[in-house]
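# Reading the structure
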Amino acid sequence: MSDASAGKALAASTLAGKRVLVSAGPTFEDIDPVRFVGNRSSGKMGFAVAAAARALGAEVVLVAGPVHLDTPDGVTRIDVRSAAQMHTAVLGALPADAYVAAAAVADFTPRRVSEHKIKKTAGSDTLVLELVRTPDILAEVAAHARRPALVVGFAAETHEVERYARGKLANKRLDLIAANLVGGAQGGFERDDNALVVYWEGGERQLGPAAKTEVAAQLVQLIAERLQA
Ligand code: PMT
């Protein structure tokens, strides 16, 4: 079921007194002192969400992976590098009224970080890296004793967007999930524009395509509606 309540303008004090925690950007998982496994997230989507929540009067804490973006005015920023550091920073920033997980957290990290730069070995054309799962920060927040009233995940999918997004909504016990199509020439990573479909149990809302700042404002409007409901 689509809903029709999008588009109502909200006052700049709508989220006054609310604490909104946002994660943004990639995580970098170190292999050795000079190499890492990363991804294409620029942080633009999450930073735009943080700015939009601040514009509606919220106290905003932004946990940022390694990105090259200025901190939105009035937002408290905590910089991290790895999934493990993001995990510690996000859980340490609770309690919050809402958590918005826009970060592209690495699902796997090298089992061990080499102390020295890994050298090529004569006679071997391959290098095998053993990767282990990282903690699922979003699922942990959703199951936490200090669970925010609203837990909002993102889903970056290359195909079957609704099926995978709704799976994450249910499996991670989220209130909302904002899905975007990524890969190839699609939106999502790096670009200044994006399109989201936000799913919840029994409903959905299309946001954009538009500039990430506009899409973020619409997402924060939906969050404000849910927090007031
Ligand atoms: O940063 P930009 O360049 O602006 O790009 C924006 C974006 C594409 C990164 C953003 O819109 C987006 O989709 N973010 C989520 C990317 C992602 O990692 O999705 P996922 O489907 O793999 O993860 C699902 C959810 O679980 C996400 O909310 C993620 O933050 C969270 N997660 C994933 C793994 C993990 N170990 N811990 C998590 O919390």
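Residues numbered from 1 in each chain as written. Predicted model: local features only at pLDDT ≥ 70, side-chain atom pairs only at ≥ 80, totals over all residues. Heavy atoms only, no water.

All told, the structure shown has 14 salt bridges when counted by the stated rule. Asp32 is the salt-bridge partner of Arg35, the closest N and O atoms lying 2.5 Å from each other. Overall, the relative accessible area of 2% leaves Asp32 in the buried class. Taking the shortest distance from any N to any O, the salt bridge between Asp192 and Lys44 comes out at 2.9 Å. You can see Asp192 sitting in the loop between strand E10 (176–181) and strand E11 (193–200) and its partner Lys44 sitting in helix H1 (residues 44–55), a full 148 residues away along the chain. (Salt bridge = Lys/Arg side-chain N within 4 Å of Asp/Glu carboxyl O. Buried < 20%, exposed > 50% of the residue type's maximum accessible area, 1.4 Å probe, protein only. Helix = DSSP H or I, 4+ residues; strand = E, 2+ residues; numbered from the N terminus.)

Right, let's get into the nonpolar core. Counting residues in each nonpolar core, the largest one holds 39 residues, and the members touching the most others are Val100 and Ile223. Considering every element that reaches this core, the biggest residue donor is helix H5 (residues 212–228), with 8 residues. Discounting residues that sit within four places of it in the chain, Ile223 has contacts with Ala98, Val100, Leu150, Val152 and Leu176. Counting residues in each nonpolar core, the second largest holds 27 residues, with Leu21, Ala142, Ile177 and Tyr199 among its members. (Core = buried A, V, L, I, M, F, W, Y, C linked by side-chain atoms within 4.5 Å. Contact = heavy atoms within 4.5 Å.)

Attention now moves to the site of the ligand. Surrounding the ligand, one finds 29 residues, the nearest of these being Ser41, Ser42, Lys168, Asn180 and Glu190. Between the ligand and the protein, one listed contact pairs an oxygen atom with a backbone N or O atom of Gly43 at 2.8 Å. Interatomic distance of 2.8 Å between a backbone N/O atom of Leu138 and an oxygen atom of the ligand. Relative to its free-state accessible area of 780 Å², the ligand is covered by the protein chains to the extent of 95%. Cavity membership is defined here by more than half of the atoms lying within 2 Å of grid points; on that basis the ligand lies in the largest pocket. At the level of secondary structure, the elements contributing two or more residues to the shell around the ligand comprise H1, helix H3 (137–142) and strand E9 (150–157). Sort the elements by how many residues they give to the shell around the ligand and E9 lands first, with 4 residues. (Near = heavy atom within 4 Å. Polar contact = N/O pair within 3.5 Å; in protein donor to acceptor, adjacent residues only side chain to side chain. Areas by Shrake-Rupley, 256 points an atom, 1.4 Å probe, with all protein chains shown as cover. 1 Å grid on protein atoms, 1.4 Å probe; cavity = no way out; pocket = protein on both sides within 12 Å on 5 of 7 lines; lining within 4 Å. Sits in = over half its atoms within 2 Å of the grid points.)

On to the environment of Thr126, then. Its place among the elements puts Thr126 in the loop between strand E7 (108–110) and strand E8 (131–133). When its relative accessible area of 63% is taken as the criterion, Thr126 is described as exposed. Each C-alpha atom, one on Thr126 and one on Ile31, is 15 Å from the other, the two residues being 95 residues apart in sequence.

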